[in-house]
Every structure is written in structure tokens, then in C-alpha cells.
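Structural overview for review
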Amino acid sequence: MTRLLVSVILTSLGALVYGLLLGGVSRVITASIHGRIGPRLTQNFIDLWKLFRKESSIHHGTMFWMAPMFRLTGGIGVLLLVPIIAGNSVLTNMSFSGDLLLVLYFMFFGCLGMALGAGDSGHPYAVVAVSRGLLQMSAYELSFSAAVLVLALGLGTFSIENIVSAQQGGILNWNVFRFPFATAAALITFLPMNMTYPFNIVLAPQEIPIGPPTEYSSRFLSFMFSGRAIFGVAKLILFVNLFFGGAGSWSSLLIKTFLLYMYPLFVSPVFPRFRTEQSVRFLWFVPTSLVAVDLLRVIL
Amino acid sequence: MYCNKIPDKPVDNEKIWKKLDDLARANSLWITAYGTGCGAIELRPLHTSRFDMERFGIAMRPTPRQSDVLIISGYLSVKTLKRVIRVYEQIQDPKYILALGSCTIDGGMYFDSYNTINILDRYIPVDVYVNGCMPRPEAVIDGFILLMKKIKEGKAVGWKRYKENLEYYRKNQREIIRNWDLPDYNW
């Protein structure tokens, strides 16, 4: 029990540090694309500490307080249910106690908590953003769930550990080569999941000032930042496990997650934002059609 | 919707983390995206590759709840002052004010106007003034560097001054804003 607790704390802290560092790298790379010097690599840590130590003298109700906790819990929950390094007894955490279906549920736990908290804040822009977010979520959840279903049907298991072990024995065994269309669809849904351009209709600073967190300040915001960093890393590890053969060692984990993290950076700085209906139409049509090809192949 | 409670007087009890806090605050200044007067146009170039304010950790935030700095960018009409007070009081402590241009210092070319204020510091506490009409982006960055230095030295305490002397500031604000309908404090 103590060992599990220590592992949980260390995993969460490690994911937080790694997530914030990845955020720093992405800011520096975006600045280079713009031809700027850009912020320090550690800027996100400085921002987080500053926010944590700022005064929080306002609140708007119980759900408003709980939403950042939901976000953090959602992030840590997904992280703990995913085996981080295949075969490592310490870092499997609680991956034995839940399968892919539980992870799918937990992935939306934080977002739903955030939606309730933002609704409690009473800010009109927050409510607009929540309705946009839930609509977009229902759009990409369809194709992501279908991609996961392709894996489950194709490999005959819902357990992430079994999915990872089915991909061992060579790069051509990875699901990205076995189920290329489902992987492509899942990679498209990775963009709205991370709220990057062109799908960032929820946090659209020029349209609806920052969306759900409009009323969130100081310590609340620092918890939300931490939750987002941890959740980001959890999603990276999940995608590596599902489609890119899992990670057998620290080095392969870091390389694979870093490369996967870089992928939205090639898309987001050069695309403008979709309108809500464009985003939903795209997500319902393109990734769903892609995943349908693999689904038919698996069923037939 | 309003909470009418007057804020408590600031208590200085953060000695253990103070150095680290001040360092973090100085290197992560988030600005409320809010412009008054003609100086707002001088803030746009700060985003660009030529001036790049992000290298100092300075970023724009679209809501006062999440920001640290309010920039009064030029002349301030009485009507806008009312909005500035609301925005300033919604920012969470510690918060700083950077005032740009001659207009905020002594009224500038609008010194005898019937509807602009002359000395900004009488209405809200200013931490750093940047003079000029209008100050170029280089001067604004220089003002930011001075503000960062003051924060690191623990001398940017306008927000404490505001809370300690709230009656003084309210008196001045009420004198100039005729249709006063603000609550005791804008939480």
C-alpha cells in the first residue's frame, strides 16, 4: 500500500514536471516559428508558482471550488490507470484495476467537472464556451471511441497491457501500421482533445475571453494548470500505449511522448481557428470516415 | 451580485517565501488586455517579433481575474475611470499599475479638458510612470523592466497603498465621477 502511494505521488509529480517542461518547449518552438526569442524554458514553472501564491479572495459557489480539483483528479486518474512503462512493476500503478473503457470515461471526467464549475461561475462567456466544448467533445468522442473499438475488436481485448503486449516484436506490429486509418482518426481527435488550433473553440481568447476559466484566478488557476499538464502527459502515454507500441524503457517513453507532443506544434501555429459548426462538421465527417474503413476491415 | 465587504488591510506575513514570490511575480507579469486612450496602439507591437515581450515572461490575459498588471495607456476620461476602477479592484492581489504617457502624469495635452483626469495617482495607485506622448514600445519595455526591478526589491506596493488608503482614493473618485453607482468595493 505504501509502495503504491509513493509510486502514485512520484508519478503525478513526474508527470507535472514533464508536462510543464513540454509546455515550455512548445512555447519556445512557437516563438522560433514567429521569429521571436520567446520565453524561458522554465516559464511555466514560474507562472505556476506565481499563481499559486497569489491571493484568491473570490468564489462563486461549491462547484466553482471543486472544478479545479475535478480537473486535477481527472488528469491523475487517467495517468494512474495507464501502464507507464510496460513490464515495470513499480510504474504500472493501478493499471490492473481498470481497462480501456474506464480510461475513456475518466478522460472526460475532468472536462465535465470543469463545465459544471464554469457554469457555477455565472460568467456568460464561460457558459458559451462550455456549450461549445460539450458539442465538440461529443463530435470527437465518436471517432476516438470508434478507433478504440477497432483496437479492441482487432486484438480481442480491452486491457491496455494486453494491447501493448500484442504490439511487441517489431515495429510493424505497432497498431499504427496494423490499423493506420484508426490511428489517423485518433491523431486528428488528439488536436481537439488538447484544445490546439484549429480546434480551440473553447479557449478562444479573441472571441470569448479564455472561455470556462474566465472567472478563475490565482490558486484555482494554478490547480487547473497542473491538472492540464498532468492530463496532457497522461494522454500522450495513452496514445503511445495504444498506437505506437507502448514504452519498454524510459528512453523510448521520453522519445515517443516527445515526438507525439511535437505533432500538434506542426499544425497549430499555421492554422486559423475553425468556427464551431466547421469544427463539428469536420470531426463528424473526416475522422469518422477514416475510422469506418478500419472498422469495416476488422468486422469483415 | 455584489459583495459589499470592504477588503481587509494587508498584513505582511509572508516572510519565508517572500524572496521567491517576488522573483516569480517579477518574471511572470500578465497584463489585462484593456486599453484606454491612444497608447493602446503602442502595446500591440510588444507582441511582435521585433519587440517580443514574451521573453520577459510578460503575457496578455483576456480577463482581469488572471492578470497582474493594468496598463493605463494614455488619457483617461472620467467615464473610463469608472471602468478602470472596476477592473483594477477585480484583479487579485498583488497587482500593479503601469501608467503610460504625459496624460496620466499631469493631463498632458488634455490638461484643461472637462472630461479627462489629470493626475492618475490620485484615483488609483500607480507603480511606474512611463513618460512621453506617446512612449514608444522600447520605452514601455523599459517601464516593464523598472517595474520588475521594483517588484524584486519589494517596492511595488501600490496595491497595499490602495487598501490602506481606500477612503482617500474613494473620496477622490467620488469627487470626479458624478453618477457614482459603484458598490463599496468591486470584488
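Model, not experiment: these values are computed from the prediction. (Residues numbered from 1 in each chain as written. Chains lettered and ligands numbered in written order. Predicted model: local features only at pLDDT ≥ 70, side-chain atom pairs only at ≥ 80, totals over all residues. Heavy atoms only, no water.)

So, the overall build of chain A
From N to C terminus, chain A includes twelve helices and zero strands. Tracing chain A from N to C terminus, the helices and strands come up as α-α-α-α-α-α-α-α-α-α-α-α. Relative to the 2.2 N^0.38 estimate, which gives 19 Å for 300 residues, the radius of gyration of chain A is 19 Å and therefore close to what a compact globule would have. With respect to the three principal axes, the spread of C-alpha positions in chain A is 55 × 50 × 45 Å. For chain A, the proportion of contacts with a sequence separation of at least 24, taken over those separated by at least 6, is 79%. Counting 18 positive and 10 negative side-chain charges, chain A places the averaged centre of each group 9 Å from the other. (Helix = DSSP H or I, 4+ residues; strand = E, 2+ residues; numbered from the N terminus. Rg over C-alpha atoms; globule rule 2.2 N^0.38 Å. Contact = heavy atoms within 4.5 Å. Lys, Arg positive; Asp, Glu negative; His and termini not counted. Charge placed at Lys NZ, Arg CZ, Asp CG, Glu CD.)

A few points about the overall build of chain B
Assigned secondary structure in chain B consists of seven helices and five strands. The linear arrangement of helices and strands in chain B, starting from the amino end, is α-β-α-β-β-α-β-α-β-α-α-α. In terms of C-alpha radius of gyration, chain B reaches 16 Å, essentially the compact-globule figure of 16 Å for 187 residues. C-alpha atoms of chain B, sized along the principal axes, occupy 45 × 40 × 30 Å. Across the 187 residues of chain B, 54% fall into the buried class. By sequence separation, contacts in chain B at least 24 residues apart represent 79% of the contacts at least 6 residues apart. Looking at chain B as shown, the accessible area adds up to about 8800 Å², and 54% of this sits on carbon and sulfur atoms. Where the 29 positive side-chain charges of chain B centre and where its 23 negative ones centre are 2 Å apart. (Buried < 20%, exposed > 50% of the residue type's maximum accessible area, 1.4 Å probe, protein only. Areas by Shrake-Rupley, 256 points an atom, 1.4 Å probe, with all protein chains shown as cover.)

Quick notes on helix α7 (residues 166-176) of chain B
All names here are of chain B. The set of residues buried in α7 consists of L166, Y169, R170, N172 and Q173. For α7, the buried positions fall inside an angular range of 165° around the axis, keeping them on one side. Across α7 from its buried face, at more than 90 degrees, point the exposed residues E167 and E175. Looking at the packing, one finds that the buried side of α7 touches α3 (78-90) and α6 (158-164). (Arc of directions from axis to C-beta.)

Looking at the packing of helix α1 (residues 2-34) of chain A against helix α10 (residues 218-243) of chain A
Residues and elements named next belong to chain A. Running from N to C, α1 and α10 cross one another at 95°; their axes reach a closest spacing of 8 Å. When the axis of α1 is compared with that of α10, the two are roughly perpendicular. Residue-level inspection shows S12, A15, L16, Y18, G19, L20 and L22 of α1 in contact with α10, the latter providing S226, A229, I230, V233 and L236. Residue composition of the contact of α1 with α10, by class: nine nonpolar, three polar and no charged. (Axes fitted to C-alpha atoms, helices over the stretch in contact; angles between N-to-C directions. Parallel < 35°, antiparallel > 145°, perpendicular 65-115°, else oblique. Nonpolar A, V, L, I, M, F, W, Y, C, P; charged D, E, K, R; others polar.)

A few points about the side chain of T276(A)
Residue and element names in this part refer to chain A. Structurally, T276 can be placed in helix α12 (residues 276-299). On the basis of relative accessible area, T276 is assigned to the buried category, the value being 17%. Apart from residues no more than four positions distant in its own chain, T276 is found in contact with R132, L135 and I201.

Regarding the pairing of strand β3 (residues 69-73) of chain B
All names here are of chain B. In terms of burial, β3 is a largely internal element, five of the five residues being buried. Of the two faces of β3, both are covered, the one formed by V69, I71 and S73 as well as the one formed by L70 and I72. Alignment of β3 against strand β4 (residues 96-100), held across five bridges, turns out to be parallel. Pairing of I72 across the sheet is with A99, part of β4. Handedness of the crossover is the feature at issue here: the chain leaves β3, passes through α3, returns alongside β4, and the resulting connection is right-handed. (Pairing = 2+ DSSP bridges. Right-handed = clockwise from strand over helix to strand, strands pointing away.)

Quick look at the interface of chain A and chain B
Opposite the 32 residues of chain A that make contact, chain B presents 29 residues. When chain A packs against chain B, close to 2700 Å² is buried across both sides, 51% of that on carbon and sulfur atoms. Among the residues of chain A in contact with chain B, K50(A), R53(A) and K54(A) are the three that bury the most area, contributing 24% of the side total. Summed over the shared surface of chain A and chain B, the result is eight salt bridges. (Buried area = accessible area lost by both parts, 1.4 Å probe. Salt bridge = Lys/Arg side-chain N within 4 Å of Asp/Glu carboxyl O.)

Purely geometric stuff here, so don't read any function into it on its own.
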